[in-house]
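# Observations on the three-dimensional arrangement
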There are 2 protein chains.
Amino acid sequence: MTTATLQEAPSRDEAELLALIDAWEEALRAKDIDRLLTNYAPNVVTYDVKPPYQLQGVAALRSMWQTCMPCFPQEFAIEKRDFHLAVSGEVAFAHYLFRFTGPEKDHPAMQTWMRVSIGYQRIGGQWQIVHEHVSVPFDPMTGQAVFTLDP
Amino acid sequence: MTTATLQEAPSRDEAELLALIDAWEEALRAKDIDRLLTNYAPNVVTYDVKPPYQLQGVAALRSMWQTCMPCFPQEFAIEKRDFHLAVSGEVAFAHYLFRFTGPEKDHPAMQTWMRVSIGYQRIGGQWQIVHEHVSVPFDPMTGQAVFTLDP
């Protein structure tokens, strides 16, 4: 992971937030939706790559993952780049680019770089995801989504 | 503005951040790029609706706006919904949906709802935008961007 905005020794909050991102990735790779949703605030607002424009609440997010999870490759890893994390008091946010990699190189899910921005709040002593925004840009001339990074 | 997460009396930080969002909108409506860029951190990272995947730094953002500004309608307002703002210490983030409205109802820029997530840090006593992510979702069956909210 490129931790561009982190010092060599992360603070306790930074370490907790990095662990939360790692746990999310492990849960996704294990296709364990209960575990994936562990660290979301009940009233989280998510903007996803695909419609609808937003999802409100963990129940809507669970339903989305139940639909999406079967479309994921059997085995994959997550590659990140340009990772940034900012934290102060009870609020933090992170942003980075990521993609799925693995042996099924022609799998549709393997063709896409994505941008993610995440908002966190510490609620009852625990960091929770209160906002998540994942997207790819689109070419305004064609209206089509662009999956590959510029050269 | 729907300030769903704000109490009736915003804190000083909340008021400063709301003023910053208002100032951004006024600058955009005035097509004043210098003013628009006033509150961005020099090393801001932006994910825009269209390629490239990310822009790094205010110079890249200025160049983008110089290209885009002529494509905007002559006169427009900004409609927002589902506004949320979280702030603690030196870090804050906001997210909401927005669109441009105005008399040129057939203008391409008037057809699109967008999602925005913004990361702020207080640097040298001043709140600055250190991250901005604007997107529309795309239909995975067609690969095409979706501009209108679901019913």
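Quick note: structure is the one above.
Below is a summary of the structure that appears in this document. (Residues numbered from 1 in each chain as written. Chains lettered and ligands numbered in written order. Predicted model: local features only at pLDDT ≥ 70, side-chain atom pairs only at ≥ 80, totals over all residues. Heavy atoms only, no water.)

### A word on the overall build of chain A
Each helix and strand counted, chain A has three helices and eight strands in total. For chain A, the N- to C-terminal ordering of α and β elements is α-α-β-β-α-β-β-β-β-β-β. Taken over the C-alpha trace, chain A has a radius of gyration of 16 Å; the compact-globule value for 151 residues is 15 Å, and the two agree within 12%. Taken along its principal axes, the extent of the C-alpha atoms in chain A is 45 × 35 × 35 Å. Burial status across chain A gives 52% buried among its 151 residues. In chain A, of all internal contacts separated by at least 6 residues, the share reaching a separation of at least 24 is 51%. (Helix = DSSP H or I, 4+ residues; strand = E, 2+ residues; numbered from the N terminus. Rg over C-alpha atoms; globule rule 2.2 N^0.38 Å. Buried < 20%, exposed > 50% of the residue type's maximum accessible area, 1.4 Å probe, protein only. Contact = heavy atoms within 4.5 Å.)

### Observations concerning the pattern of salt bridges
For the structure shown, the criterion picks out 20 salt bridges over all chains. A salt bridge links Glu25 of chain B to Lys80 of chain B, with the nearest nitrogen and oxygen atoms 2.7 Å apart. With Glu25 of chain B in helix α1 (residues 12–29) and Lys80 of chain B in strand β3 (residues 77–88), the pair connects residues that are 55 residues apart, well separated along the chain. In this pair, the class of Glu25 of chain B matches that of Lys80 of chain B, namely buried. Within this structure, Asp13, Glu90 and Arg122 of chain A form a network of salt bridges that share partners. (Salt bridge = Lys/Arg side-chain N within 4 Å of Asp/Glu carboxyl O.)

### What to know about the interface of chain B and chain A
On the chain A side, the residues contacting the 50 residues of chain B number 50 residues. For the chain B and chain A pair, buried surface summed over both sides reaches about 3,800 Å², with 63% attributable to carbon and sulfur atoms. Broken down residue by residue, the surface that chain B buries against chain A is led by Tyr53, Arg115 and Phe138 of chain B, which jointly contribute 22%. The interface formed by chain B and chain A contains zero salt bridges. Counting every contact that joins chain B to chain A gives 32 residue pairs in polar contact (both at pLDDT 80 or more). Those elements that provide at least two residues to the side of chain B that touches chain A are β1 (40–47), β3, β4 (91–101), β5 (114–123) and β6 (126–135) of chain B. (Buried area = accessible area lost by both parts, 1.4 Å probe. Polar contact = N/O pair within 3.5 Å; in protein donor to acceptor, adjacent residues only side chain to side chain.)

### Quick notes on the sheet that holds strand β4 (residues 91–101) of chain A
Residue and element names in this part refer to chain A. Overall, mixed pairing links the six strands, which are arranged β2-β1-β6-β5-β4-β3 in an open sheet. The sheet is open, and its two edges are formed by β2 (55–56) and β3 (77–88), each paired on a single side. Summarising the sheet, strand β1 (residues 40–47) and β2 pair through two bridges and their orientation is antiparallel. Residue Val45 lies in a different strand from β2, and its bridge partner there is Gln56. Against the sheet, helix α1 (residues 12–29) contacts β1, β3, β4, β5 (114–123) and β6 (126–135), and its axis sits at roughly 150° relative to β3. Helix α3 (residues 58–68) contacts β1 and β2 of the sheet and is inclined by roughly 60° relative to β1. (Pairing = 2+ DSSP bridges. Axes fitted to C-alpha atoms, helices over the stretch in contact; angles between N-to-C directions.)

### Describing the relation of the copies chain B and chain A
Mapping between the two chain copies consists of a rotation about an axis together with a translation along that axis. Screw-axis analysis of chain B against chain A gives a translation of 0.0 Å along the axis, an RMSD of 0.0 Å, and a rotation angle of 180°. Here the two chains are linked by the operation of a two-fold rotation axis. Measuring from the rotation axis to each C-alpha of chain B, the shortest distance belongs to Gln144 of chain B, at 2.2 Å. Most of the interface of chain B is mirrored in chain A: 100% of its interface residues are interface residues there too. (Least-squares fit on C-alpha atoms with pLDDT ≥ 70 in both.)

### A few points about the packing of aromatic side chains
What the rule picks out here adds up to 18 aromatic pairs over all chains. The ring of Tyr53 of chain B has Arg115 of chain A lying over it, and the distance from NZ or CZ to the ring centre is 5.9 Å. When the ring centre of Trp113 of chain B is taken as reference, the NZ or CZ atom of Arg81 of chain B above it lies at 6.0 Å. (Phe/Tyr/Trp six-rings, centres within 6.5 Å; stacked < 30°, edge-to-face > 60°. Lys NZ or Arg CZ within 6 Å of the ring centre and 35° of its normal.)

### Digging into α1 of chain A
Residue and element names in this part refer to chain A. Between the first and last C-alpha of α1 there are 26 Å, a value that for 18 residues agrees with the 26 Å anticipated at 1.5 Å per step. Buried within α1 are the following residues: Asp13, Glu14, Leu17, Leu18, Leu20, Ile21, Trp24, Glu25, Ala27 and Leu28. Positioned one or two residues after α1, Lys31 has a phi angle of 55°, which is positive. (Expected span 1.5 Å × (residues − 1).)

### Considering the side chain of Lys80 of chain B
Judged by relative accessible area, Lys80 of chain B falls into the buried class, the value being 14%. Among the polar contacts listed, one links the side chain of Lys80 of chain B to the side chain of Glu25 of chain B, at a separation of 2.7 Å.

### So, the sheet that holds β4 of chain B
Taken in spatial order, the six strands of this open sheet run β2-β1-β6-β5-β4-β3 (chain B), and their pairing is mixed. Each edge of the open sheet is held by one strand with a lone partner, namely β2 (55–56) and β3 of chain B.

### Digging into the environment of Gln66 of chain A
All names here are of chain A. Looking at where Gln66 falls in the secondary structure, it is placed in helix α3. Classification of Gln66 by relative accessible area gives partly exposed; the value is 48%. Once the C-alpha coordinates of Gln66 and Gly102 are considered, the two residues, 36 residues apart in sequence, prove to be 22 Å apart.

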